[in-house]
Amino acid sequence: MKADLEALRTRALEEITVLDDLQALEQARVTYLGRKGKVTEILRGLGQASPEERPKLGQLANEVKQAIAERLDERKQVLEAREDALQAEAAALDITLPGRRPQRGHLHPITQVTEEIVGIFQALGFQVATGPDVETEYYNFDSLNTPPDHPARDSHDTFFVQPGVVLRTHTSPVQMRVMEKVQPPVAVVVPGRTYRVDNDASHSPMFNQLEGLLVDEGITFGDLKGTLLHFVQEFFGADTKVRFRPHFFPFTEPSAEMDISCSVCQANGCRVCKHSGWVELLGCGMVHPRVFGYAGYDTEKYTGFAFGMGLDRLAVQRHAINGIGHLFENDLRFLEQF
Ligand code: PHE
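Residues numbered from 1 in each chain as written. Predicted model: local features only at pLDDT ≥ 70, side-chain atom pairs only at ≥ 80, totals over all residues. Heavy atoms only, no water.

### Quick word on the sheet that holds strand β1 (residues 127-128)
Then comes step 1: Ordered in space as β1-β5-β6-β10-β9-β8-β7, the 7 strands form an open sheet in which the pairing is mixed. Since the sheet does not close on itself, it has two edges, and those belong to β1 and β7 (242-249), each with one partner.
Then comes step 2: Two elements, strand β5 (residues 186-195) and strand β6 (residues 206-216), share 10 bridges in a ladder whose sense is antiparallel. Opposite G192, over in β6, you have Q209 as the bridge partner.
Then comes step 3: Contacts from helix α5 (residues 109-123) reach β1, β5, β6 and β10 (303-310), with the element oriented near 5 degrees to β6.
Then comes step 4: Along the sheet face, helix α8 (residues 221-236) touches β7, β8 (252-261), β9 (278-287) and β10 and points at about 145 degrees away from the line of β9. (Pairing = 2+ DSSP bridges. Helix = DSSP H or I, 4+ residues; strand = E, 2+ residues; numbered from the N terminus. Contact = heavy atoms within 4.5 Å. Axes fitted to C-alpha atoms, helices over the stretch in contact; angles between N-to-C directions.)

In structure tokens, the structure reads:
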């Protein structure tokens, strides 16, 4: 029995020393010291021992119990300390870490370009006018000298909302809406969304234009050239050159398309200008007398110029974006770059 107690002590102490969590430790306490535990089990044989040996065995049993209890407490302290340390580490607040800044939004690249261009014209005295996206055929076509059978309608693949009502194919209808309301002098720019049945790498069914209209006494093509040259040199840089190619629009006469020297390659030739050194920028011309007729303006007294440009292509050029569609997908990974 003495040997049993001593063997039990050795085994228990060894076992407890390597226990790794508090639950296992509690389990060990029950196994060794509990009412139905191993020490109690051995002590059941005490009745068979001789009367002289009994007190000695009883004392030994107490010593064994005490040793095991002490070892359990020791181990418990170690494990508890370790758990506390882990918890403290998990909850630790490192006040030297840099803070997380809230994300800031910014204006869409098209809005940025629009505001910049509008600002250049405002500095010249132009005012901003707007009109509806859903427009009547009268304003979009007829009043701009483009009757229903006019071949120029073919080049505007038009979205029809209902007979006589379209999604405007350009911002030019706002010319007429402005002229109906005010008498010359008129100087307005019109930024806005426009729509055509068109969808590829360089065309989107919805796109943005900026229209310009200036009407007064004695306005000439020279005023048109000077105004547009000033604009491109402000926007693209002071050494930007322009050239005008004859063109046709029903609502201007004469009409032209204006190219600018390529701002990407300084006109040396690149992918953007298709190695020509020139990039097409806008359509323009002197307001057609028939258009003034629809507006009720005195064609003997007034002349004027108008121009219209695609803003998306400007944004694409300025930021060297490959494909106009990116501008309208609203993918933050794209937009955050501007
Ligand atoms: N509205 C024409 C277009 O969309 C551009 C333009 C505007 C041309 C004003 C001349 C004058 O193509």
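### Quick look at the packing of aromatic side chains
Then comes step 1: The final tally for this structure, using the stated rule, is 13 aromatic pairs.
Then comes step 2: Arranged with centres 5.3 Å apart and planes meeting at 75 degrees, the rings of F121 and F126 form a pair that is edge-to-face. Per residue, the accessibility class of F121 equals that of F126, and both read buried.
Then comes step 3: Relative to Y297, the ring of F292 lies with its centre 5.6 Å away and its plane at 35 degrees, an arrangement referred to as tilted. As far as the burial class goes, F292 and Y297 line up, both buried.
Then comes step 4: Through a chain of ring-to-ring contacts, three or more aromatic side chains come together here, namely F121, F126, F231, F235, F236, F305 and F307.
Then comes step 5: Over the ring of Y139 we find R177; its NZ or CZ atom is 4.1 Å from the centre of that ring. (Phe/Tyr/Trp six-rings, centres within 6.5 Å; stacked < 30°, edge-to-face > 60°. Buried < 20%, exposed > 50% of the residue type's maximum accessible area, 1.4 Å probe, protein only. Lys NZ or Arg CZ within 6 Å of the ring centre and 35° of its normal.)

### Points about the state of the cysteines
Then comes step 1: Applying the stated criterion across every chain, the model contains 0 disulfides.
Then comes step 2: This cysteine, C273, is not joined by any disulfide, and C265 carries the nearest cysteine sulfur, 3.7 Å off.
Then comes step 3: C273 sits in the buried class, given a relative accessible area of 3%.
Then comes step 4: Note on C284: no disulfide assigned, nearest cysteine sulfur contributed by C262 at a separation of 19 Å. (Disulfide = S-S within 2.5 Å.)

### Topic: the domain arrangement of the chain
Interface size is commonly expressed as the accessible area that is lost once the parts come together.
Then comes step 1: Taken domain by domain, the chain holds domain 1 (2-91) and domain 2 (109-335).
Then comes step 2: Computed over C-alpha atoms only, the centres of domain 1 and domain 2 are separated by 93 Å. (Domains from an automatic or database assignment.)

### Section: the pairing of β10
Then comes step 1: Across 8 bridges, the pairing between β6 and β10 is antiparallel. Bridge pairing links E211 to G308 in β10.
Then comes step 2: Here β9 runs beside β10; their pairing, made up of 5 bridges, is antiparallel. Across the sheet, L282 pairs through a bridge with M309, a residue of β10.

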